[in-house]
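Architecture at a glance
The residues making up each chain are set out below.
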Amino acid sequence: MTPQEKLAKCYESFRNKIDFVPEVAIILGSGLGALADEIDIKAVLDYKDIEGFPQSTVPGHKGRFVFGFMDGVPVVIMQGRVHYYEGYPMQDVVLPTRLMKLMGAKVLFVTNASGACNADFSAGDFMLITDQIANFVPSPLIGANFDELGTRFPDMHEIYDKDLRDIVAKTAKDLDIKLQQGVYIQLTGPNFESPSEVRMCRMLGADAVGMSTACETIAANHAGMKIVGISCVCNLGCGLTDNPLTHEEVMEASNKAAPLFKKLIRTSVVNIYSYLEESKN
Ligand code: HPA
């Protein structure tokens, strides 16, 4: 089966079960899954019930789509994403993103957990993603182009939409939530970085490093979605602190940040939706 056929099959399998049409797609990173339980849920679809869909294997990631209204906004939430380090081909890693586009979502709101390579950041900071570096993982666009989604050679000059970024920045200010801004770099993981690698990321212009997101936003940008993203900087990158890193520590930090992070995401989603509705007129 070609990746195009696989996507079509997953879409058919989804549509046979669910008729909900989301406006905003949200991918929840490590420790943030609980946000999906707070919305007015209209339907839930486990990844395992979608034929051909890659299954998430990371502890702390649930593995289902949640459909419903987030303070009135029709959303689809990925409670658990698929990571490249789990061993899936990159085309499978971004299949859920493409599927959410086919479901009807026009906006992709990405979240993740990251480590700081900018020494001015602190553990627990939120970072509005201004741009990204994705060259350490294969492009999800390698292979036959999905012509029905986008062009062969898509522009990437503004992956993270400037208007949406401004809305999130203003939302954070109104809520009195500290918000850093910076460049996110995706490495493959699953190992955390060495001190030299964190230094390299910094030298390349990154502020935060993680193991997801950049591939998904390339696929979403290719498919014409408007994208906005916030990273929860859970720890200082290796070498910026002497402490060895553990997944548990990352999860603990993101759980701690979750209530404020959820508030920022919810309010931002509402503000983005009002902006989109207004710009229709
Ligand atoms: N590196 C990579 N990914 C991460 C980190 C990190 O330090 N923290 C949370 N996710």
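Let me begin by describing the structure that accompanies this report. Note that this is a predicted model, so its numbers are computed, not measured. (Residues numbered from 1 in each chain as written. Predicted model: local features only at pLDDT ≥ 70, side-chain atom pairs only at ≥ 80, totals over all residues. Heavy atoms only, no water.)

A few points about the overall build of the chain
Broken down by element type, the chain carries seven helices and nine strands. Taken over C-alpha atoms, the radius of gyration comes to 18 Å for the chain, in line with the 19 Å a tight globule of 281 residues would show. The burial tally for the chain puts 56% of its 281 residues in the buried class. Restricting to contacts in the chain with at least 6 residues of sequence separation, those with at least 24 account for 83%. Of the side chains in the chain, 26 bear a positive and 35 a negative charge, and the two mean positions are spaced by 3 Å. (Helix = DSSP H or I, 4+ residues; strand = E, 2+ residues; numbered from the N terminus. Rg over C-alpha atoms; globule rule 2.2 N^0.38 Å. Buried < 20%, exposed > 50% of the residue type's maximum accessible area, 1.4 Å probe, protein only. Contact = heavy atoms within 4.5 Å. Lys, Arg positive; Asp, Glu negative; His and termini not counted. Charge placed at Lys NZ, Arg CZ, Asp CG, Glu CD.)

As for the nonpolar core
Counting residues in each nonpolar core, the largest one holds 38 residues, and the members touching the most others are Phe-53, Phe-65, Phe-67, Met-100, Met-103 and Leu-108. Considering each element in turn, this core owes the most residues, four residues, to helix α3 (residues 95-103). Ile-39, Val-73, Leu-128 and Ala-258 belong to the second largest nonpolar core, which has 37 residues in total. (Core = buried A, V, L, I, M, F, W, Y, C linked by side-chain atoms within 4.5 Å.)

Let's talk about the site of the ligand
In the neighbourhood of the ligand, the contacting residues comprise Ala-113, Ser-114, Gly-115, Phe-192, Glu-193, Val-209, Gly-210, Met-211, Asn-235, Leu-245 and Val-250. The separation between a nitrogen atom of the ligand and a polar side-chain atom of Glu-193 is 2.8 Å. Between the ligand and Asn-235, the relevant distance is 2.7 Å, taken from a nitrogen atom to a side-chain nitrogen or oxygen of the residue. Coverage of the ligand by the protein chains reaches 96% of its 260 Å² of free accessible surface. (Near = heavy atom within 4 Å. Polar contact = N/O pair within 3.5 Å; in protein donor to acceptor, adjacent residues only side chain to side chain. Areas by Shrake-Rupley, 256 points an atom, 1.4 Å probe, with all protein chains shown as cover.)

Description of the environment of Ala-116
Within the fold, Ala-116 resides in strand β5 (residues 107-116). Take Ala-116: its relative accessible area is 0%, and that puts it in the buried class. The residues contacting Ala-116, other than those within four sequence positions of it, are Phe-121, Val-198, Asp-207, Ala-208, Val-233, Asn-235, Leu-236, Gly-237 and Leu-240.

Topic: the pairing of strand β1 (residues 24-28)
Counted residue by residue, β1 has five buried out of five residues, so it is predominantly covered. Residues Val-24, Ile-26 and Leu-28 of β1 are buried on one face, and the alternating residues Ala-25 and Ile-27, pointing to the opposite face, are buried as well. Relative to strand β4 (residues 73-79), β1 runs parallel, the two being bridged by five bridges. When the bridges of β4 are listed, Leu-28 appears paired with Gln-79. The sheet contact formed by β1 and β5 spans four bridges and is parallel. Note that in β5 the partner of Val-24 across the bridge is Val-107. (Pairing = 2+ DSSP bridges.)

Quick word on unusual backbone geometry
With omega at 0°, the peptide bond leading from Gly-189 into Pro-190 counts as cis. Secondary-structure assignment places Pro-190 in the loop between β7 (179-186) and α5 (195-204). A positive phi angle, close to 45°, is found at Asp-71, a residue other than glycine. Relative to the elements of secondary structure, Asp-71 occurs in the loop between β3 (64-70) and β4. Positive phi is not limited to glycine here, since Thr-213 has a value of about 75°.

Some thoughts on the side chain of Lys-262
Along the chain, Lys-262 falls in helix α7 (residues 247-280). Not counting residues within four places of it along the chain, the set of residues in contact with Lys-262 comprises Ala-34, Leu-35 and Glu-38.

Description of helix α6 (residues 214-222)
The α-helix advances 3.6 residues per turn, and as a result positions three or four apart in sequence lie on the same side. Counting buried positions along α6 gives nine out of nine residues, so the element sits mostly inside the fold. Every buried residue belonging to α6 is among Ala-214, Cys-215, Glu-216, Thr-217, Ile-218, Ala-219, Ala-220, Asn-221 and His-222, and all of these are buried. A positive phi of about 85° marks Gly-224, the residue just after α6.

Quick word on the packing of helix α4 (residues 162-174) against α7
One can describe the packing of α4 onto α7 by two numbers: an axis separation of 9 Å at closest approach and a directional angle of 135°. The orientation of α4 with respect to α7, classified from their angle, is oblique. Crossing of α4 over α7 shows right-handed handedness. Of α7, the residues touching α4 (which contributes Asp-163, Leu-164, Ile-167, Val-168, Thr-171 and Ala-172) are Leu-264, Thr-267, Ser-268, Asn-271, Ile-272 and Tyr-275. Counted by class, the contact of α4 with α7 contains seven nonpolar, four polar and one charged residues. (Axes fitted to C-alpha atoms, helices over the stretch in contact; angles between N-to-C directions. Parallel < 35°, antiparallel > 145°, perpendicular 65-115°, else oblique. Left-handed = near helix turned anticlockwise from the far one by under 90°. Nonpolar A, V, L, I, M, F, W, Y, C, P; charged D, E, K, R; others polar.)

Some points on the packing of aromatic side chains
Enumeration according to the criterion identifies nine aromatic pairs in this entry. Measuring from ring centre to ring centre gives 5.6 Å for Phe-14 and Phe-67, while their planes differ by 25°; the resulting arrangement is stacked. Remark: Phe-67 occurs in strand β3 and Phe-14 occurs in helix α1 (residues 3-15); sequence separation between them is 53 residues. For the pair Phe-20 and Phe-69, a centre-to-centre distance of 5.4 Å together with 75° between the ring planes defines the contact as edge-to-face. With Phe-20 in the loop between α1 and β1 and Phe-69 in strand β3, the pair connects residues that are 49 residues apart, well separated along the chain. (Phe/Tyr/Trp six-rings, centres within 6.5 Å; stacked < 30°, edge-to-face > 60°.)

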